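Inside the fold
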Amino acid sequence: MKRITVIVLLAALTYSASAIKKQSRHVAPYAGYLFAYFEGGGDNNLQEQLRFAVSEDARNWYALNGNRPVVGSDSISESGGIRDPHILRGEDGYYYIVATDMNTAKNGWKENPGIVLMKSSDLVNWSHAKINLGKDWPKFSDAYWVWAPQTIYDRKAKKYMIYFTLQRTGDGRRSLITYYAYANSDFTAFESEPKQLFSAKYGSIDNDIIYKDGLYHLYYKGNTKDENGKEVKNGIQQATSRKLFGPWKEDFKYLDAYAGTKTHVEGSSVFPLHDGSGQWILMYDLYGSGRYEYQTSKDIINWSNEPQSFRKNFFPRHGSVISVTKDELQRLQQKWGWVLTHQFESNGNPLIRDKHTADPAVLIEGDTLWLFAGHDMEGNQKGYVMRDWLLYSTTDLKNWTEHPSPLHIDDFKWAKSKQAYAGHVAKGKDGRYYWYVSTNWCGIGVAVSDKITGPYKDALGKPLLTKEDCFDSKHSWCVIDPAILIDDDGTPYIIWGNRECYLAKLKDNMIEIDGPIKRIAINEEQPFTEAPWLHKYQGKYYLTYASEWPEKIAYSVADNIWGPYENKGVISEIAGNSNTTHPAIVEFKGQWLFFSHNGGLPDGTSYSRSVICEPLYYNANGDIQNIPPTAKGATITE
């Protein structure tokens, strides 16, 4: 029941071209978008709380704070829950949020008390207040549902107007009528008794008012009923008015692509893009199926027919959006964690210190090293909680760029395990990038992208390899830890395994196995556990892998990729504070580098790991020298 308003300007009320010009004198150019929402997945007791996500293009979204609440509902609401948060950029330099004060996890769909009001000068620190409509205003003592409030700035009154859907029970019936009241100067209460704003023929919820070109557009979830009062259709509708207070003219048309189908939507929200395209987005919550989609328009009247899906790592319910500046994006991420493109400096091991990273894989392109890593979601974890993969780049091992996560486990619909284990990216002969990932027992998948930074999409719609391909293995998690070697003649190979190590040739299309799968024999003096990595040095094949438990890094060497492999022993001892480790070896700017992971951060564990990098050296006979752990790590000398 909410919407999404990105008020591209001074405040919220006028999205006209003249207002945009006026706002541009006061607000820096926009660099991204902020999405305020409540969650539709996970623990029911944690869903109805305020969360934030950010985006650079309003289509690819990344949850802040690990998709945890940015403000707890127990601290701001009467019910202990909030729904339908609407965020507004105010004309006065403040930001405003209103939300439904409701806790369905605790109380079900019984009456809810009212509205939560929040105010901030920086998007990070928020004051809050509560309105209990029935208690605060005796005329509304029969209020049953007070739903989906939103705020708009009334330029004539020079006040912030809050409007909401109300159902009342005093006369034995329920209605769905839109009411409004002005907020007081502190944005802590209504300054006067609410009045009726809009009464749709068949009722409405989730109202969203946009002003454009001299006309107010009120979007809402409406319906059509037959002569017997039975609903026959529902969806997003629109009413218009020359004045904010009406009268409103309903056109009874449906805007969303799902009206009249068995797929129902609500919580519509309209906002403009600031990318110069002139486009607007109408987004809505497909609450029955857990999806969130949008349509586009250049006049906010005629909308595209085909809905599109947001790419996101969370499951939003009825939310709203505003445009934000570069400084605002930086402030939000400094508070709740970096998720968009940003630069940072690494000072030794661990390489990355604001996140827990694991299972490194590396790819060299020109003068840039690309580091692909798994993502342990939190510190002090007691088990593997990994939902996405991370991407970093550097030209000198000191100055790094973190790129938005290009791949999520949910991008593989078949991966019922929901576990984003180790992966490796390789470039195909077609110039595209192929990301091979393990999903525990569900198999090894492959995603593809035209750009190394993604986003990546499932290339097959099914696993490339499953446990059935691991013919000598009896356990379900044998099909993990893929790594790719592109041989000198351009032939791609994939290697993987747990307890048993398997190798196969790939076809040039990078998404099919070419020929038989073979098991690689590993000398039992240094048994194979998992995490194989293949590289070549002086014409020989070096197979590096995790051995024993807790794991060390050992390696074997062969003249032929299929073997036989000669055991060469351990080169890296047990990783600090981690039972697992995972090697990746590459030559970069004349220096051989050894990547792995440990539990080296203060809140590190075997399940909250961190990628490290050390220099790697060969003896004259080609043996790899022992690699001791250091705080300094590897450096590049130009």
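Look up: the structure comes first, before these words.
Residues numbered from 1 in each chain as written. Predicted model: local features only at pLDDT ≥ 70, side-chain atom pairs only at ≥ 80, totals over all residues. Heavy atoms only, no water.

Topic: the overall build of the protein chain
- In terms of helices and strands, the protein chain carries six helices and 40 strands.
- Here the C-alpha radius of gyration of the protein chain, 28 Å, is about what a compact globule of 638 residues would show, namely 26 Å.
- Expressed along its principal axes, the backbone C-alpha trace of the protein chain runs to roughly 90 × 50 × 45 Å.
- Going through the 638 residues of the protein chain one by one, you find that 61% of them count as buried.
- At a minimum sequence separation of 6, the contacts of the protein chain that also span at least 24 residues come to 54%.
- Carbon and sulfur atoms form 46% of the exposed surface of the protein chain, whose accessible area is close to 25,300 Å².
- Placing the 71 positive and 76 negative side-chain charges of the protein chain at their respective mean positions leaves the two points 7 Å apart. (Helix = DSSP H or I, 4+ residues; strand = E, 2+ residues; numbered from the N terminus. Rg over C-alpha atoms; globule rule 2.2 N^0.38 Å. Buried < 20%, exposed > 50% of the residue type's maximum accessible area, 1.4 Å probe, protein only. Contact = heavy atoms within 4.5 Å. Areas by Shrake-Rupley, 256 points an atom, 1.4 Å probe, with all protein chains shown as cover. Lys, Arg positive; Asp, Glu negative; His and termini not counted. Charge placed at Lys NZ, Arg CZ, Asp CG, Glu CD.)

Topic: the sheet that holds strand β39 (residues 591-598)
- A sheet is described by the order of its strands in space; here three strands give the open sequence β38-β39-β40, paired in antiparallel fashion. The open sheet is flanked by β38 (584-588) and β40 (610-615), the only strands paired with a single partner. Pairs of neighbouring strands in the sheet enclose a mean axial angle of 30°, with direction left out of account.
- Inspection of the sheet shows β38 paired to β39 by five bridges, in the antiparallel sense. Counted as the bridge partner of Glu587 is Trp592 from β39. (Pairing = 2+ DSSP bridges. Axes fitted to C-alpha atoms, helices over the stretch in contact; angles between N-to-C directions.)

Remarks on the packing of aromatic side chains
- The full count for this structure, using the stated rule, is 45 aromatic pairs.
- For the pair Trp389 and Phe412, a centre-to-centre distance of 6.3 Å together with 85° between the ring planes defines the contact as edge-to-face. Residue Trp389 is located in strand β24 (residues 388-394), and its partner Phe412 is located in the loop between β25 (399-408) and β26 (423-427); the two are separated by 23 residues in the primary sequence.
- Owing to a relative accessible area of 0%, Phe412 belongs among the buried residues under this scheme.
- These aromatic residues form a ring-pair network of at least three members: Phe35, Tyr37, Trp61, Tyr292, Tyr294, Phe310 and Phe314. (Phe/Tyr/Trp six-rings, centres within 6.5 Å; stacked < 30°, edge-to-face > 60°.)

A look at the pairing of strand β34 (residues 530-537)
- Of all the eight residues making up β34, eight are buried; the element is thus mostly covered by neighbouring parts of the structure.
- Where β34 lies against strand β35 (residues 540-547), six bridges are found, and the strand directions are antiparallel. For His535, the partnering residue across the bridge sits in β35 and is Tyr542.
- In textbook terms, the turn of a hairpin is the stretch between consecutive antiparallel strands, and for β34 and β35 this stretch comprises two residues, one of which, Gln538, has a positive phi near 50°.

Some thoughts on the sheet that holds strand β14 (residues 231-241)
- Spatial strand order, β12-β13-β14-β15: four strands in an open sheet with antiparallel pairing. Looking at which strands have only one partner, the edges of the open sheet turn out to be β12 (205-212) and β15 (249-250).

Some details on helix α6 (residues 326-336)
- Of all the positions in α6, only Glu328, Leu329, Leu332, Gln333 and Trp336 are classed as buried. One side of α6 carries all its buried residues, which in axial view fall inside an arc of 125°. Exposed and oriented more than 90 degrees from the buried face of α6 are Lys326, Asp327 and Gln334.
- Looking at the buried residues of α6, the elements they touch are β1 (30-39), β2 (51-55), β4 (82-89), β5 (95-101) and β20 (316-325).
- Of the residues trailing α6, Gly337 is marked for its positive phi of about 100°. (Arc of directions from axis to C-beta.)

Details of the state of the cysteines
- Scanning the entire structure with this criterion turns up zero disulfides.
- Cys470 forms no disulfide, and the closest cysteine sulfur to it belongs to Cys478, at a distance of 3.7 Å. (Disulfide = S-S within 2.5 Å.)

A closer look at the pattern of salt bridges
- With the rule as written, the count across this model stands at 31 salt bridges.
- Taking the shortest distance from any N to any O, the salt bridge between Lys418 and Asp410 comes out at 3.0 Å.
- Using a relative accessible area of 41% as the deciding quantity, one classes Lys418 as partly exposed.
- In this structure, a network of salt bridges that share partners links the residues Glu266, Asp285 and Arg317. (Salt bridge = Lys/Arg side-chain N within 4 Å of Asp/Glu carboxyl O.)

Quick notes on unusual backbone geometry
- Pro350 follows Asn349 through a cis peptide bond whose omega is -10°.
- Within the fold, Pro350 resides in the loop between β21 (342-345) and β22 (356-365).
- The omega torsion across Gly454 and Pro455 is 5°, close enough to zero to call that bond cis.
- Relative to the helices and strands, Pro455 resides in the loop between β28 (444-449) and β29 (457-458).
- The phi dihedral of Gln538 is positive, around 50°, even though this residue is not glycine.
- Tracing the backbone through its elements, the reader meets Gln538 in the loop between β34 and β35.

Thoughts on the nonpolar core
- Core analysis: the biggest nonpolar cluster contains 74 residues, and Leu371, Phe372 and Phe595 have the highest contact counts within it.
- The contacts of Phe595, once residues within four sequence positions are left out, are Leu351, Pro360, Val362, Leu369, Leu371, His582, Pro583, Ala584, Val586, Val611, Ile612 and Cys613.
- Core analysis: the next-biggest nonpolar cluster, separate from the first, contains 27 residues, Ile82, Leu123, Val124 and Ile322 among them. (Core = buried A, V, L, I, M, F, W, Y, C linked by side-chain atoms within 4.5 Å.)

Notes on the environment of Asp92
- Along the chain, the position of Asp92 falls in the loop between β4 and β5.
- Measuring from C-alpha to C-alpha, the distance between Asp92 and Ala361 comes to 48 Å, with 269 residues separating the pair along the chain.
- Only 3.2 Å separates the side chain of Asp92 from the side chain of Tyr160, close enough to count as a polar contact. (Polar contact = N/O pair within 3.5 Å; in protein donor to acceptor, adjacent residues only side chain to side chain.)

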